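Breakdown of the fold
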Amino acid sequence: MNDKSITTLKGTGVSVPGNDIDTDRIIPARFLKEITFARMGEYPFFDERFTQEGGKKDHPFNAPERQNASFLIANDNFGCGSSREHAPQALFRWGIKVVLAESLAEIFAGNCAMIGLAAVTLSPGDIHEIQKAVDDDSSLELTLDLKTKKVSCGGREYGIEIPESRRKALVEGTWDSTALLLSRLDKARATAEALPYMNQFNSL
Amino acid sequence: MAENTLYNKVWNAHNVGTLPTGQNQILIGLHLVHEVTSPQAFDALRETGLKVAFPDRTFATCDHIIPTASLERPFADSQAEQMMEALEKNTEDFGVPLYDPPTGKQGIVHMVGPELGLTQPGMTVACGDSHTSTHGAFGTLAFGIGTSQVRDVLATGCLTMDELKVRRIEVNGTLADEVTPKDVILYIINRLGVRGGLGYAYEYAGEVFDEMTMEGRMTVCNMSIEGGARIGYVNPDETTYEYIKGREYAPPEDEWEKALAWWKTLPSGEDAVYDDVVVFNAADISPMVTWGITPAQSVAVDENLPRLDEAEGDLKKSYEEAYAHMKLTPGQKAVDLPVQVAFIGSCTNGRISDLRAAARVLKGKKIHPSVRGIVVPGSIPVRIQAMKEGLDRIFEDAGFEWRQAGCSMCLAMNPDKLQGDEISASSSNRNFIGRQGSPTGRTLLMSPAMVAAAAIAGHVQDIREINS
Ligand code: SF4
């Protein structure tokens with residue numbers, strides 16, 4: 001455990017219903033032209049939140065009572081499509097610390113893990129129940145406990161799924177993997193030397 | 001878990017070891033870099049004083065923001081210019097070769113790797129782009145990654161990863177005339193769904209893939225991600241080796257036999273064990289067209305769009321959402337779908353064979369007066385080859401614009417965009433809402449020949465009726 005360790009997270013929720021919400025919808029490509037992530041928090045779901053003239057549309061991320069939400073509740077295949085890390089960065093910088101979904105696209109889930117955003121899955125029934133509870137009460141507090149693998153809200157507990165290695169990385173604070181991989185660079189070099197295409201195919 | 005598949009062999013050869021979390025440390029043998037997902041990663045290296053660990057396994061090009069009307073510098077779009085300058089500086093500072101337009105080798109990153117012969121069987125490939133799956137056509141494990149992972153690969157040559165399951169997708173028999181690799185993958189995604197591949201690597205096999213060209217295999221592997229599979233691959237064979245031979249980074253002559261000997265050990269064994277096997281029949285596949293907002297929402301071109309009363313529950317909801325965005329009528333004929341813009345290009349279908357197929361349809365014809373069309377070759381070598389063959393003339397005579405190489409209207413980060421709710425016939429890979437640059441824009445995915453046919457008619461056409 002270290003100062004990056006993430007075990008328990010508490011907060012209120014915002015649900016964004018719908019299956020197959022892709023990363024182009026989470027952050028349109030034109031915002032990828034910025035060479036830092038600094039302003040990404042301004043853009044999540046931009047085209048669904050604002051008209052082309054800049055007017056506000058009806059969207060959960062625009063609701064005044066949801067501005068402090070840190071749990072995003074989503075449905076099936078959330079984050080599919082492009083590998084842009086700008087998508088989890090946009091959510092994270094807006095304030096989302098936890099994504100609860102029925103299922104998560106692979107690259108998106110990996111990107112979340114890399115920045116310490118806890119993205120976990122629950123059964124469709126549980127997600128629907130949580131969405132309803134959250135929709136009914138914007139001040140409802142949710143708790144994610146990565147040690148017991150449970151989400152609690154409104155006096156109920158729900159089991160979560162997350163690949164064990166990702167859970168451990170969050171809990172042990174090793175999700176920011178560069179340092180760990182750097183410490184094993186000699187091992188990587190040894191593996192590289194043994195690969196035929198890295199040694200003129202002499203290791204066959 | 002799967003055993004003795006190509007996936008297992010390549011994974012094991014690159015597995016540096018198990019990390020305390022239980023994840024694997026996977027060595028990346030080829031790292032491809034482009035301008036959009038790398039600046040923050042290079043900055044992270046700078047901030048921490050790190051170097052690129054394997055600079056001779058790292059290559060860069062520029063594709064996403066490149067304007068395709070004029071390459072004159074500075075680019076008119078100051079953000080694009082800034083991004084380009086960042087890439088130039090980063091590759092210079094960190095000693096990474098950059099294949100930009102003046103080298104004559106620039107193009108969409110997933111075209112440049114194969115064209116240079118960088119992509120070879122048995123490698124692990126990573127790139128900050130989800131269509132990295134394209135490189136699986138060569139029997140590689142090719143992972144699309146995010147920017148923090150780009151940082152890890154730059155700094156350490158490795159990724160932390162969990163092993164995937166492997167699904168073998170066999171397509172047997174012979175494809176009918178005018179049924180292309182694009183139709184094959186659209187069909188597979190239609191059948192298995194956009195979430196079907198979650199947690200899987202897709203191995204494409206069977207007679208159809210044995211017979212398929214490398215360019216076709218790239219088209220199929222490219223869209224694995226649209227089916228939810230992070231990677232897809234085809235076992236390497238003579239077609240693969242033939243394609244690689246003689247390319248700039250191919251094993252030189254004195255290493256060739258040794259390379260071949262290794263490559264031939266890689267394909268999945270007769271005794272391979274899969275987590276899942278799905279078998280399709282080539283005869284069931286027709287030219288396909290999407291009508292909705294996910295790549296699985298497609299029909300054979302001679303069919304009608306689904307009716308709402310054919311669906312219920314979640315499926316019905318997703319149909320309703322798709323129809324609301326697409327402003328199309330449930331049950332209408334696919335060939336009646338209107339088309340206002342025609343886009344030929346992208347890492348799915350921007351190769352020379354794609355341009356030839358489209359040009360064959362367009363030769364001596366004019367596109368409909370209400371259609372605007374652009375052809376964007378996937379790379380400079382493709383552009384040059386096409387011009388040698390006179391394809392540019394065919395496109396221009398038909399009324400298409402002939403452009404420089406890049407991603408262009410596949411994702412509209414450059415000035416090429418749909419306007420308002422324009423509806424495009426596109427040879428690209430994603431029909432997501434807003435994908436082609438207008439929040440209300442609409443996209444119909446199809447093969448390049450079908451895009452050409454739709455451009456002529458001003459609506460979707462059955463290519464079998466045109467080319468027969
Ligand atoms: S052509 Fe399209 S899908 Fe391919 S890399 Fe470019 S933007 Fe991505």
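Everything numeric in this text was worked out from a predicted model, so none of it was measured.

1. What about the nonpolar core?
In terms of nonpolar packing, the biggest core is built from 197 residues, with Phe-78 of chain A together with Tyr-204, Trp-263 and Phe-395 of chain B touching the most fellow members. Among the elements that take part in this core, helix α16 (residues 448-457) of chain B stands out by supplying 7 residues, more than any other. One finds Ala-118, Ile-127, Val-134 and Ile-160 of chain A within the second-largest nonpolar core, a separate group that totals 24 residues.

2. Things to note about the layout of surface pockets
Empty space left among the atoms is revealed by rolling a probe the size of a water molecule over them. Of the voids in this model, the largest pocket is the one considered here, and its volume is about 710 Å³. In terms of lining, the largest pocket is formed by 38 residues, of which the most central are Glu-106, Ala-109, Pro-163 and Arg-166 of chain A together with Asp-162 of chain B. Those elements giving two or more residues to the lining of the largest pocket turn out to be α4 (106-114), β5 (118-121) and α6 (164-172) of chain A together with β8 (158-161) of chain B. In terms of residue count, α4 of chain A provides more of the lining of the largest pocket than any other element does, 6 residues in total. Residues that form the lining of the largest pocket fall into these classes: 20 nonpolar, 11 polar and 7 charged. Approximately 600 Å³ is the volume found for the second largest pocket. Lining the second largest pocket are 27 residues, with Val-179, Thr-180, Pro-181, Thr-213 and Ser-353 of chain B positioned closest to its centre. Mapped onto the lining of the second largest pocket, the elements with two or more residues apiece are α6 (181-192), α7 (207-211), α8 (214-222), α13 (352-362) and α16 of chain B. The element that contributes the greatest number of residues to the lining of the second largest pocket is α13 of chain B, accounting for 5 residues.

3. With respect to the packing of aromatic side chains
Under the definition given, this model contains 23 aromatic pairs over all chains. Aromatic pair Phe-45 of chain A and Phe-61 of chain A: ring centres 5.0 Å apart, planes at 70°, arrangement edge-to-face. Note that Phe-45 of chain A is positioned in the loop between α1 (23-26) and α2 (46-49) and Phe-61 of chain A in the loop between α2 and β3 (71-73), a separation of 16 residues in sequence. Each member of the pair Phe-45 of chain A and Phe-61 of chain A is classed as buried. Members of the aromatic cluster, joined through ring pairs, are Tyr-197 and Phe-201 of chain A together with Tyr-241, Trp-256, Trp-262 and Trp-263 of chain B. The ring of Phe-54 of chain B is capped by Arg-189 of chain A, whose NZ or CZ atom sits 4.9 Å from the centre of that ring. The ring of Tyr-243 of chain B carries Arg-247 of chain B above its face, with NZ or CZ at 3.9 Å from the centroid.

4. Quick notes on the environment of Gly-420 of chain B
All names here are of chain B. For Gly-420, the location among the structural elements is in the loop between β17 (400-402) and β18 (423-426). Separated by 132 residues in the primary sequence, Gly-420 and Met-288 have C-alpha atoms spaced 25 Å apart. When sequence neighbours within four positions are dropped, the list of residues in contact with Gly-420 reads Ser-438, Thr-440 and Gly-441.

5. Considerations on the sheet that holds strand β3 (residues 30-33) of chain B
All names here are of chain B. An order of β5-β4-β3-β6-β7 is seen for the 5 strands of this open sheet, with the pairing classed as parallel. Of all the strands in the sheet, the pair left with one neighbour each is β5 (98-99) and β7 (141-144). Sheet topology note: the strand β4 (residues 58-61)/β5 ladder contains 2 bridges and is parallel. Residue Ala-60 lies in a different strand from β5, and its bridge partner there is Leu-98.

6. Remarks on helix α10 (residues 253-263) of chain B
Residue and element names in this part refer to chain B. Of all the positions in α10, only Glu-255, Trp-256, Ala-259, Leu-260, Trp-262 and Trp-263 are classed as buried. Down the axis of α10, the sector holding all buried residues measures 155°, keeping them to one side. Of the exposed residues in α10, those oriented more than 90 degrees away from the buried face are Asp-254 and Glu-257. At its buried positions, α10 is contacted by α9 (238-244).

7. Considerations on the packing of α13 of chain B against helix α14 (residues 380-388) of chain B
Residues and elements named next belong to chain B. Packing of α13 against α14 brings their axes to within 9 Å, and their N-to-C directions diverge by 40°. In this structure, α13 meets α14 at a crossing whose hand is right-handed. Contacts between α13 and α14 involve Ile-352, Leu-355 and Arg-356 from the first element and Val-382, Gln-385 and Ala-386 from the second. Residue composition of the contact of α13 with α14, grouped by class: 4 nonpolar, 1 polar and 1 charged.

Conventions used here
Residues numbered from 1 in each chain as written. Chains lettered and ligands numbered in written order. Predicted model: local features only at pLDDT ≥ 70, side-chain atom pairs only at ≥ 80, totals over all residues. Heavy atoms only, no water. Core = buried A, V, L, I, M, F, W, Y, C linked by side-chain atoms within 4.5 Å. Buried < 20%, exposed > 50% of the residue type's maximum accessible area, 1.4 Å probe, protein only. Helix = DSSP H or I, 4+ residues; strand = E, 2+ residues; numbered from the N terminus. 1 Å grid on protein atoms, 1.4 Å probe; cavity = no way out; pocket = protein on both sides within 12 Å on 5 of 7 lines; lining within 4 Å. Points joined across faces, edges and corners; volume = space filled by probe spheres on them. Nonpolar A, V, L, I, M, F, W, Y, C, P; charged D, E, K, R; others polar. Phe/Tyr/Trp six-rings, centres within 6.5 Å; stacked < 30°, edge-to-face > 60°. Lys NZ or Arg CZ within 6 Å of the ring centre and 35° of its normal. Contact = heavy atoms within 4.5 Å. Pairing = 2+ DSSP bridges. Arc of directions from axis to C-beta. Axes fitted to C-alpha atoms, helices over the stretch in contact; angles between N-to-C directions. Left-handed = near helix turned anticlockwise from the far one by under 90°.

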